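Residues per chain are reported as follows:
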Amino acid sequence: MKKIGILGLSLMLASAMLTGCGSSEWVSLGVDVVCVSNYFCYNSDLVRMLREKGSDIQVVSDYVMETEEDIALNGKYLDGTVIVPLYITGNTQAGKSVSERFRKTYGRDMLEDAAQCYDLVMILGNAFISGVDSPEEFMAEVKSEDGHEGLNGKVMFDENGALVPTGYDTLVFYDGTFRMKE
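Residues numbered from 1 in each chain as written. Predicted model: local features only at pLDDT ≥ 70, side-chain atom pairs only at ≥ 80, totals over all residues. Heavy atoms only, no water.

Some thoughts on the pairing of strand S7 (residues 171-174)
Moving on, step 1. Bridge count for strand S3 (residues 82-83) against S7 is 2 bridges, and the pairing is antiparallel. Looking across to S7, one finds that valine 82 is bridged to valine 172.
Moving on, step 2. Note: S7 against strand S8 (residues 177-180), 4 bridges, orientation antiparallel. Directly across from leucine 171, in S8, lies its bridge partner methionine 180.
Moving on, step 3. Hairpin connection of S7 to S8: 2 residues between the antiparallel strands, including aspartate 175 at a positive phi of 55°. (Pairing = 2+ DSSP bridges. Helix = DSSP H or I, 4+ residues; strand = E, 2+ residues; numbered from the N terminus.)

What to know about the side chain of histidine 148
Moving on, step 1. Secondary-structure assignment places histidine 148 in strand S4 (residues 148-150).
Moving on, step 2. Accessibility expressed as a relative area gives 14% for histidine 148, which makes it buried.
Moving on, step 3. Among the polar contacts listed, one links the side chain of histidine 148 to the backbone oxygen of valine 142, at a separation of 2.8 Å.
Moving on, step 4. Apart from the residues within four sequence positions on either side, histidine 148 is in contact with Ile123, Glu141, Val142, Gly153, Lys154 and Val155. (Buried < 20%, exposed > 50% of the residue type's maximum accessible area, 1.4 Å probe, protein only. Polar contact = N/O pair within 3.5 Å; in protein donor to acceptor, adjacent residues only side chain to side chain. Contact = heavy atoms within 4.5 Å.)

Re the nonpolar core
Moving on, step 1. The biggest cluster of nonpolar side chains holds 15 residues, and the ones touching the most others in it are Val34, Val36, Val47, Val59, Met65, Leu78 and Phe178.
Moving on, step 2. Within the residue set of this core, elements represented by two or more residues are strand S1 (33-36), helix H3 (43-52) and S7.
Moving on, step 3. It is H3 that provides the largest number of residues to this core, a total of 4 residues.
Moving on, step 4. In this structure leucine 78 touches Ser44, Val47, Met65, Asp70, Ile71 and Phe173, once residues within four positions along its chain are discounted. (Core = buried A, V, L, I, M, F, W, Y, C linked by side-chain atoms within 4.5 Å.)

A few points about the sheet that holds strand S5 (residues 153-157)
Moving on, step 1. Taken in spatial order, the 3 strands of this open sheet run S4-S5-S6, and their pairing is antiparallel. Two strands lie at the open edges of the sheet, namely S4 and strand S6 (163-165), each paired on one side alone. Taking the axes of each pair of neighbouring strands and ignoring which way they run, one obtains an average angle of 45° across the sheet.
Moving on, step 2. Running at roughly 110° to S6, helix H6 (residues 112-128) makes contact with S4, S5 and S6 of the sheet. (Axes fitted to C-alpha atoms, helices over the stretch in contact; angles between N-to-C directions.)

What about the packing of aromatic side chains?
Moving on, step 1. Inspection of every chain in the model, using the stated rule, returns 3 aromatic pairs.
Moving on, step 2. A centroid spacing of 4.6 Å and a plane angle of 45° characterise the contact between phenylalanine 102 and tyrosine 106, whose relative ring orientation is tilted. Taken together, the residues span about one helical turn, with phenylalanine 102 and tyrosine 106 both in helix H5 (residues 93-106) at a distance of 4 residues.
Moving on, step 3. For phenylalanine 102, a relative accessible area of 15% gives the class buried.
Moving on, step 4. Between phenylalanine 128 and phenylalanine 138 the ring centres are 4.8 Å apart and the planes differ by 40°, which places this aromatic pair in the tilted class. With phenylalanine 128 in helix H6 and phenylalanine 138 in helix H7 (residues 135-142), the pair connects residues that are 10 residues apart, well separated along the chain.
Moving on, step 5. Using a relative accessible area of 64% as the deciding quantity, one classes phenylalanine 128 as exposed.
Moving on, step 6. You can call phenylalanine 138 buried: its relative accessible area is 14%. (Phe/Tyr/Trp six-rings, centres within 6.5 Å; stacked < 30°, edge-to-face > 60°.)

Printed below as a string of structure tokens:
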């Protein structure tokens, strides 16, 4: 599977719109899934553009696509679109407090990267002051299977070493709404 960044996706979509590129051209390029996140317009517009060009390529997004506006504008194109959990901020009191301070300081909302960095720094700091005596104990503390309390609740490292939130479901769009994946 090839991964495509949002810039690459934007360029490919622009090219597809100009040239009339359809599903077969995308497949011939080796594209089998398109990931959409934090686009500058409605995220569902990108799905609509793909579907209007006849592409049935799988689309994966994050929770930014689960809006009333996206569904009202482009719901008829969203069947099969998958939403996967990303690093979400601001659902706990601590998360709201940090997010508000961030907004006041920087004049914009905290993005996933900033929240993940904040949680990582806190995890490392807490491991440093935990009283561990060796690098092995330090890493065991950081990688604790019990997880850590992050801005959004419990976070932990997955099998690939990525810091991820726990407790969010994968959703699939069908029958006019996003539903838990069965």
